[in-house]
Amino acid sequence: MIWDVRNECMSADERQAIQIQRLRAMLGRVKAVVPFYSRILTEADVNPQDIKSLDQLSQLPFTVKDALRESYPYGMFAVPFEEVVRVHLSSGTTGKPTAVGYTKADIALWADSIARTLCGGGAVPGDILQNAYGYGMFTGGLGLHYGGETLGTAVLPMSAGNSKRQVMVMQDFGTTLLACTPSYALRLAEVATEMGVDPATLSVRSAYLGAEPWTTPMRDEIQQHLGCKAFNIYGLSEVIGPGVSFECEHQNGSHINEDHFIPEIVDPNTGAPLPDGQEGELVFTCVTKQCLPLLRYRTRDVCSLTHDLCDCGRTTAKMTRVTGRTDDMFIIRGINVYPSQIEAVLLSFEEVAPHYLIQVDRKGALDQLAVQVEIAPEYFTDRVGELENLSRRIREEIESVLAIALDVQLVEPKSIERTEGKAQRVKDNRRLSQ
Amino acid sequence: MKAVKQISMFLENKPGRLAEATKAIADAGVNVGALAVSDTTDFGVLRFICDQPDKAAHALRDAGFSVGETEVLVVQVPHKPGGLAQALAVIKPLNINIEYLYAFVGAASGFGLIVMRVEDGRSQEVAQALQSAGLTLLTPEQAYAL
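Within every chain, residues take consecutive numbers counted from 1 along the sequence as written. As they are written, the chains are lettered A onward and the ligands numbered 1 onward, keeping that order. Confidence filtering applies because this is a predicted model: local features only for residues at pLDDT of at least 70, side-chain atom pairs given and counted only at 80 or more, and all residues used for totals across whole chains, interfaces and linings.

Colleague: Explain the overall build of chain B here, please?
Modeller: Within chain B, the regular secondary structure consists of five helices and seven strands. Mapped from its N terminus to its C terminus, chain B presents α and β elements in the order β-α-β-β-α-β-α-β-β-α-β-α. Against the compact-globule benchmark of 15 Å for 146 residues, chain B has a radius of gyration of 16 Å, which places it among compact chains. Dimensions along the principal axes, computed over C-alpha positions, put chain B at roughly 40 × 30 × 30 Å. Considering chain B as a whole, with its 146 residues, one finds that 30% of them fall into the buried category. Note that contacts rest on C-beta atoms placed from the backbone: two residues are in contact if these are within 7 Å. Long-range pairs, those at least 24 residues apart, make up 70% of the contacts in chain B between residues at least 6 apart in sequence. Here a strand is any run of E in DSSP of at least two residues, a helix any run of H or I of at least four, and the numbering for each starts at the N terminus. Throughout, radius of gyration means the C-alpha value; the globule benchmark is 2.2 Å times the number of residues raised to the power 0.38. Our exposure labels follow a C-beta count within 10 Å of each residue's own C-beta, placed from the backbone: buried means 20 or more other C-beta atoms, exposed means 12 or fewer, and partly exposed covers the counts in between.

Colleague: Would you explain the overall build of chain A in this entry?
Modeller: The helix and strand tally for chain A stands at 11 helices and 21 strands. Since a compact globule built from 434 residues should have a radius of gyration of about 22 Å, the 22 Å found for chain A is in line with a globular shape. By its C-alpha atoms, chain A is 70 × 60 × 45 Å across when sized along the principal axes. A burial count over chain A gives 46% of its 434 residues as buried.

Colleague: How should the domain arrangement of chain B be read in this particular structure?
Modeller: The figure often quoted for interface size is the accessible area lost as the parts come together. All names here are of chain B. For the purposes of this description, domain bounds are those given by an automatic or database domain assignment. Per the domain assignment, the segments making up chain B are domain 1 (4-70) and domain 2 (72-144). On a C-alpha basis, the centres of domain 1 and domain 2 stand 22 Å from each other. Each side of the interface is counted separately: domain 1 has 10 residues, and domain 2 has 12 residues. Of all the secondary structure elements, the ones that give two or more residues to the side of domain 1 that touches domain 2 are β1 (4-12), β2 (32-39) and β3 (43-50). Side-chain classes follow a simple rule in which Ala, Val, Leu, Ile, Met, Phe, Trp, Tyr, Cys and Pro form the nonpolar group, Asp, Glu, Lys and Arg form the charged group, and the remainder, Gly included, forms the polar group. Here the residues of the side of domain 1 that touches domain 2 sort into five nonpolar, three polar and two charged.

Colleague: For this particular structure, what's the right way to read the pairing of strand β18 (residues 352-363) of chain A?
Modeller: Residues and elements named next belong to chain A. Should DSSP find at least two bridges between two strands, the strands are taken to pair. Two strands pair when backbone bridges link them, and β18 and strand β19 (residues 366-375) are joined in this way by nine bridges, in the antiparallel orientation. Residue Asp-361 lies in a different strand from β19, and its bridge partner there is Gln-368. Between the end of β18 and the start of β19, which pair antiparallel, lie two residues, with Gly-364 showing a positive phi angle near 65 degrees. Where β18 meets strand β21 (residues 426-428), three bridges bridge the pair, whose relative direction is parallel. For Val-360, the partnering residue across the bridge sits in β21 and is Asp-428.

Colleague: Would you take a moment to explain the sheet that holds strand β4 (residues 154-156) of chain A for this structure?
Modeller: Two strands in a sheet stick together by hydrogen bonds in their backbones, pointing the same way (parallel) or opposite ways (antiparallel). All names here are of chain A. As summarised here, the arrangement of the nine strands in space is β4-β3-β5-β6-β7-β8-β9-β14-β13, forming an open sheet in which the pairing is mixed. Each edge of the sheet is formed by a strand with only one pairing partner; in this case those strands are β4 and β13 (305-306). Pairing of strand β3 (residues 128-131) with β4 involves three bridges; the strand directions are parallel. The residue bridging Leu-129 from the neighbouring strand is Val-155, located in β4.

Colleague: Explain the domain arrangement of chain A to me, please; I cannot follow it from the model alone.
Modeller: Residue and element names in this part refer to chain A. Taken domain by domain, chain A comprises domain 1 (5-327) and domain 2 (335-428). Taking only C-alpha atoms into account, the centre of domain 1 sits 32 Å from that of domain 2. In this complex, domain 1 contributes nine residues to the contact, which on the side of domain 2 involves 12 residues. The biggest single contributor to the side of domain 1 that touches domain 2 is helix α8 (residues 182-194), with four residues. Class assignment for the residues of the side of domain 1 that touches domain 2 results in one nonpolar, six polar and two charged.

Colleague: Quick question: what am I supposed to make of the environment of B:Asn95 here?
Modeller: Looking at where B:Asn95 falls in the secondary structure, it is placed in the loop between α3 (83-91) and β5 (98-105). In the structure, B:Asn95 is positioned 81 residues away from B:Lys14 in sequence and 38 Å away in space, judged by C-alpha atoms.

Colleague: Explain the confidence of the model for chain B to me, please; I cannot follow it from the model alone.
Modeller: A low pLDDT means the predicted coordinates there should not be read in detail. Confidence of the predictor in every single residue is expressed as pLDDT, which spans 0 to 100. Taken over all residues, the pLDDT of chain B has a mean of 90, while the share at 70 or more is 97%. Within chain B, helix α2 (residues 53-62) of chain B carries the highest mean pLDDT (94), whereas strand β6 (residues 111-118) of chain B carries the lowest (88).

Colleague: What exactly am I supposed to notice about the interface of chain B and chain A here?
Modeller: Listed by partner, the interface residues are 16 residues for chain B and 16 residues for chain A. Counting residues per element, the ones that place at least two in the side of chain B that touches chain A are β1, β3 and β4 (67-78) of chain B. When its residues are assigned to classes, the side of chain B that touches chain A shows five nonpolar, seven polar and four charged.

Colleague: How should the packing of α8(A) against helix α9 (residues 216-226) of chain A be read in this particular structure?
Modeller: Angle between the axes and distance between the axes are the two parameters that describe a pair of packed helices. Residue and element names in this part refer to chain A. For every element, the axis is a line fit to its C-alpha atoms; helices are fit only across the contacting stretch, and the angle between N-to-C directions ranges from 0 to 180 degrees. Where α8 meets α9, the axes come as close as 10 Å, and the angle between the chain directions of the two elements is 35 degrees. α8 and α9 meet at a crossing whose hand is left-handed. Every residue of α9 that contacts α8 at Pro-182, Ala-185, Leu-186 and Ala-189 is listed here: Met-218, Glu-221, Ile-222, His-225 and Leu-226. Each crossing gets its handedness from the near helix: less than a right angle anticlockwise from the far helix is left-handed, clockwise is right-handed.

Colleague: What am I meant to see in helix α7 (residues 163-173) of chain A here?
Modeller: Residue and element names in this part refer to chain A. Among the residues making up α7, those that are buried are Gln-166, Val-167 and Met-170. Looking down the long axis of α7, one finds its buried residues gathered within 95 degrees of arc, a one-sided arrangement. The outward face of α7, more than 90 degrees from its buried face, is lined by the exposed residues Lys-164, Arg-165 and Asp-172. Looking at the buried positions of α7, the neighbouring elements they touch are β3 and α8. Phi for Gly-174, located one or two positions after α7, is positive at around 65 degrees. It is the directions from the helix axis to the C-beta atoms that the arc portrays.

Colleague: Could you clarify how one ought to interpret helix α5 (residues 104-120) of chain A in this entry?
Modeller: Since one α-helical turn is 3.6 residues long, residues separated by three or four positions face the same way. Residues and elements named next belong to chain A. Take the number of residues in a helix, subtract one, and multiply by 1.5 Å to get its expected span. Spanning 17 residues, α5 covers 24 Å between terminal C-alpha atoms, matching the ideal 24 Å at 1.5 Å per step. Within α5, 13 of the 17 residues are buried, which leaves the element mostly enclosed by the surrounding structure. Note on α5: the residue one or two positions beyond its end, Gly-122, has a positive phi of about 90 degrees.

Colleague: Any chance you could explain the pairing of strand β6 (residues 206-210) of chain A here in plain terms?
Modeller: All names here are of chain A. For β6, the buried fraction is high: five of the five residues fall into the buried class. Note that strand β5 (residues 177-180) and β6 share four bridges and pair parallel. Opposite Leu-178, over in β6, you have Ala-207 as the bridge partner. With strands facing away from the observer, any crossover in which the path from the first strand over the helix to the second runs clockwise is taken as right-handed. Crossover β5 to β6 through α8 is right-handed. Alignment of β6 against strand β7 (residues 229-236), held across five bridges, turns out to be parallel. Opposite Gly-210, over in β7, you have Ile-233 as the bridge partner. Regarding the hand of the β-α-β motif, the stretch spanning β6, α9 and β7 is right-handed.

Written out as structure tokens, the structure is:
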């Protein structure tokens, strides 16, 4: 089932006409009310009324995450705060997070985008959606929740964690749709098996998996273990959250809700637009959002686009899986992590040197994060308890910033390999690039 | 009472690290009389008494180790049942924590030797109590010559 046949299946010309009109209106609005855009659009001599073709988009200035950080908490909001009905936070590259806001209309738009997403994976009203994305400041939980309700599924707002209870609920309610991170889907299959329940006998038909990179072999494994079809869903809070793009029954690239979020692929170094099929940095312009309409937002995600028509009937552009990042951000258990966040904590402890290595592993289905940090040569105590206390304090401080559990290991001075040029701070052993 | 200087160092739990540390000590021509390792899952702390503590510390720092120097007490107790218990019974009423201790039998035999670190600033108190109870504390010179 296609949720919004008119908008998802219209001809390319018709869609472009709508996009241009919306882009023009959005530019006029942000130039008038958002100081950041007034400044950069004036500097670039952009007159919204001159925008006649989508090709002109590539002439407009970019927005980067730093602009959101510098305007934290709500300097980039394009509506008075009284009109905001929801705020979510995402990881910032340093101490401060990035805030994203939604008006009532934005929430409806978001829910509608998720309803399209769920339909892409075969959901119908009456389905039972077990939502195991984290509820809270993370957009996954509430995003899928509102989308599920909009479509007319019965939503079980489980949030992430408490795996045995998840399996019990899946059995008792006959869950037909599962929403969570791909690694958590595998974890649930493991836990079911440990509980003596064959996960393939559960009634899950479709799994909506996203918020972290995954691979085709992982998809095969999840589909086999859970006896369902697993669909990749994509989004980022700055653009709206989940619901930016989704896979249809062909599981061959993700349809972008491009009537709302206009995609581009650019060369990450030069910013020049790249043609379909060529990998580069994904950029979005949000033309319909009221609160946070971003112009050419650099996602730092690497993928490619295609405008080839899909057999499902949708005419929207599709993106490939994200194969990497143009910055050093990585995702663990669905949470975005920047090494600079960890570094900032380490720098606040004089007992350790600013030499560290972040190791990411996957044990079974679970991501493990370990930070190795060199003890400062001038700091030493021969009391084991004090050293353990030090590593515990560092761990707790990092955990409070990242909101994920991790391990901190103190290592000897100069034991972490020094590299020339940009230090290699993250060792990701999960093999997620297939 | 002059305290005995113990050398301690941070050791990662990885194969060969203790061998490298002891080689650095050996190359410096330092003779170790007593040694103990405390370990956790991720790291260990090596502590020892040797004939040339300053030289040992210097050699280990040069080899890139994180090194500490700590003042400890070295107590001589009879090498027979209850030797250690007797010394600890003296300290108990003082209500002072012993941070750690390790024991070994002296080369001269007949005596057990206990190396202990007590709470900061309390070692004089413990030393006096032990001596009043008739126990012998080694001078630094005696300890280094073990």
